[in-house]
2 protein chains.
Amino acid sequence: MALNKNPITGMRDITPQEMLIRDYVIDLIKKTYKSFGYTPIETPVMESLGNLLSKQGGDNEKLIFKVLKRGEKLKIDSAKTEEDLADAGLRYDLTVPLVRYYAAHNSELPKPFKALQIGPVFRADRPQKGRFRQFYQCDIDILGEGTKAAETDLLLATSTLLGKLGFEGFVLHINDRRLLKAMAAWCGMEASRFDDAFITWDKMDKIGLDGVVKELRENGFSEESVKAYEELSMTLQRAEMPLKALSELLSADEAAQGYIRDLEAIVASVEQAATVRFEVRFDPTLVRGMSYYTGPIFELELADFGSAAGGGGRYDEMVGKFIGQQVPACGISIGFERLITILMDQGFTIPDQAAKKAYLLEKNLPEEKVLEIRKKAAEERLAGRTVLVTNMIKNKKFQKDQLSSEGYAEIEEIYNR
Amino acid sequence: MALNKNPITGMRDITPQEMLIRDYVIDLIKKTYKSFGYTPIETPVMESLGNLLSKQGGDNEKLIFKVLKRGEKLKIDSAKTEEDLADAGLRYDLTVPLVRYYAAHNSELPKPFKALQIGPVFRADRPQKGRFRQFYQCDIDILGEGTKAAETDLLLATSTLLGKLGFEGFVLHINDRRLLKAMAAWCGMEASRFDDAFITWDKMDKIGLDGVVKELRENGFSEESVKAYEELSMTLQRAEMPLKALSELLSADEAAQGYIRDLEAIVASVEQAATVRFEVRFDPTLVRGMSYYTGPIFELELADFGSAAGGGGRYDEMVGKFIGQQVPACGISIGFERLITILMDQGFTIPDQAAKKAYLLEKNLPEEKVLEIRKKAAEERLAGRTVLVTNMIKNKKFQKDQLSSEGYAEIEEIYNR
């Protein structure tokens, strides 16, 4: 009965060292978001396949771990497809469960509803460095608030959190899905092809403007519209205040002017009410993959660490599609695993910890002596310390070295004399 | 694309109210156990089916949610059995993953290794009141400590935790698997039939001594051994100090005398070093279901609430069976969901919370005014308060009532005047 000691392919165990940091960060996330009035909720890790395959999950829907039907429902002999074998799966994000949760509990929930979720999600991605098939997501969402108050609150709360974690000088990129459409319209592209254009625009940071222009041509966009796009891009790139420049370009577009004013207001509020030094930057090249976004979109860049560490946006139509009643919604997801990796790489230590103490007991100490130590330890714990009472092992040096490396600053050896 | 708004059959969503209590309790659990030197670890919720079906899980092995193979590995046409379709499943407890974790990371772990795990487990039980197919378990285990120091530490830490949660006067039932065997031997039962006897003995609290005696007879135990068992039971029941009485009965059994001395020492240490009022009671009728226990076993009874709220024991042979190297082990699992239910039923409120404050903003307040409020809120949050900034909705009375019920003791309405 040999055990397979490895975790399932693509998944991983969390070491004690990492776990301490994760617990600290989760605690800080909960405290911070709760202090803004976000309410933690939790849903099962399993959802019905019908919900998971609702076309809101994009490519993630191809990566679902499906759970075998049980008992009489499972008919292996006559099964032809995966759907004959499975009617539930592991969630690939926290948004589908949130919307289901809202549908089920709507009437008892505060309006607007500010939700906080932290938990594992599952994607059967090809295993690769730093990417795992089970990982934590951390989302906050506001359901039922249609104004920019939602975006402002989400961004303020998240920047406050990052500040508490010691990050400074990060950049919040912001754009608006409707401005992307206005830009495409300005370029003379057809509405039916907007999404195609956005898929190409999204590659700007990888293939540059030349690459984007080339791909637009290859994808059959008219020479005129491609030229217009090139002009628009270069104007915005050169502009000192791109949002102002865009406003001038789109001066004929009444609706777009409104979106721009809202973005300006969000940027101003977030920067001025923030408790930490960072930048909110209008980024006309920001697209965000998911097609369900309907308004402002954002992405968090930790300047010193290259990659994006979170993102989100407004998705006013998704809840309605599910529950048949329009509910405006807006959310942001922070890249929890990315943050932990960065903190670990930096050698992050948890602040304000009382020094840990260990009592090493000689073998065969009399019971009274052991009891005395246990009572003393209990008192010291009441004062907030971590106090380990443990038997001495043969290799005492090894044991003491290891305890030191675990942060036991004080080690007292107890002998019978 | 209508959504199924219910959670998967047998699983449930956690409401905001319950979630606050769960977060509080999890935090307290982690703080308390950490203060005794337990180290949190985490493993994936999925394990290989080989590990889950290792015969250590008893009946739980019949309740596994199996996860469908993916890609080329899945051959629906030729599949005959569930094992052809699935090679992984959701864990049904935290013990199998702990042992696998230990096998994989042994060389980097402290000796002894004191592990703390809190997380969801899954069992496809028949849905019934108060029992769900996804629920949290909370385990502490000590691996690599063969002496009673382990039992004492587990029980002290757990009683300290229960005290912090406001429970008092609970009872820790304690027995020893080896004493059960000594009792069966004293009755003249054959070693090969000990486990059969224990299954019947375990029913004492449900069917009483008469029922147990009847079932032993029905199961073919000799009249002599059944009579002996009856005598032993009645002697222990009548005894003021059952452990002493058992010691006298088993006076010829050298080994049993040692086990009894150890139990006495554990009981004495736990009671005397404890920081909370409760009872440790030797209970010769305690059996515990799992056959993997090898030494002391315990069960936690919250006297005022009827049912067991946790249990555990020593299982010195399980790790060896898996990893081929003997490692003594001992653990206790507290009934997390049971504790939460009791606390909710009692109307538990989280102690020492700063009063929550809400700002209700009139629609169309000027930006400067909103900004001023946001800055004020940020300052108040720094002082540790929860401060909500939200737009006034049309039904202001409803909104205020709801905020009050969520614990917002102070609600300030902000108008443009």
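Scoring rules and cut-offs
Residues numbered from 1 in each chain as written. Chains lettered and ligands numbered in written order. Predicted model: local features only at pLDDT ≥ 70, side-chain atom pairs only at ≥ 80, totals over all residues. Helix = DSSP H or I, 4+ residues; strand = E, 2+ residues; numbered from the N terminus. Buried ≥ 20, exposed ≤ 12 C-beta atoms within 10 Å, placed from the backbone. Contact = placed C-beta atoms within 7 Å. Pairing = 2+ DSSP bridges. Axes fitted to C-alpha atoms, helices over the stretch in contact; angles between N-to-C directions. Domains from an automatic or database assignment.

Now for the overall build of chain A. Of the regular secondary structure elements, chain A holds 15 helices and 14 strands. With the C-alpha coordinates of chain A rotated into their principal frame, the extents come out at 95 × 65 × 45 Å. Classification of the 417 residues of chain A by burial places 45% in the buried group. Pairs at least 24 apart in sequence give 69% of the contacts found in chain A among residues at least 6 apart.

Counting from both sides, the interface comprises 86 residues of chain B and, opposite them, 84 residues of chain A. Considering every element that reaches the side of chain B that touches chain A, the biggest residue donor is helix α14 (residues 367-382) of chain B, with 7 residues.

Before going further, it helps to spend a moment on the sheet that holds strand β12 (residues 356-361) of chain B. For sheets, the rule is that strands pair by backbone hydrogen bonds, running either parallel or antiparallel. Residue and element names in this part refer to chain B. With parallel pairing, the 3 strands of this open sheet are ordered in space as β13-β12-β14. Either end of the sheet is taken by a strand with one partner, and the two such strands are β13 (387-391) and β14 (408-414). Going across the sheet, the axis of each strand differs from the next one's by a mean of 20°, ignoring polarity. Pairing of β12 with β14, which is carried by 6 bridges, proceeds in the parallel orientation. In the sheet register, K357 faces β14, and the bridge partner there is E410. Together, β12, β13 and β14 form the strand contacts of α14, whose direction differs from that of β13 by roughly 160°.

Moving on, we get to the sheet that holds strand β10 (residues 308-314) of chain A. Residues and elements named next belong to chain A. Across the sheet, 8 strands lie side by side as β1-β5-β6-β11-β10-β9-β7-β8; this open sheet has mixed pairing. Edge strands, defined here as strands with exactly one partner in the open sheet, are β1 (39-40) and β8 (279-282). Two elements, strand β5 (residues 113-122) and strand β6 (residues 134-143), share 10 bridges in a ladder whose sense is antiparallel. In the sheet register, G119 faces β6, and the bridge partner there is Q137. Across the face of the sheet, helix α13 (residues 336-345) comes into contact with β6, β10 and β11 (329-334) while running at roughly 120° to β6.

By the assigned domains, chain A splits into domain 1 (16-170 + 302-345) and domain 2 (356-414). Centre-to-centre, using C-alpha coordinates, domain 1 of chain A lies 42 Å away from domain 2 of chain A.

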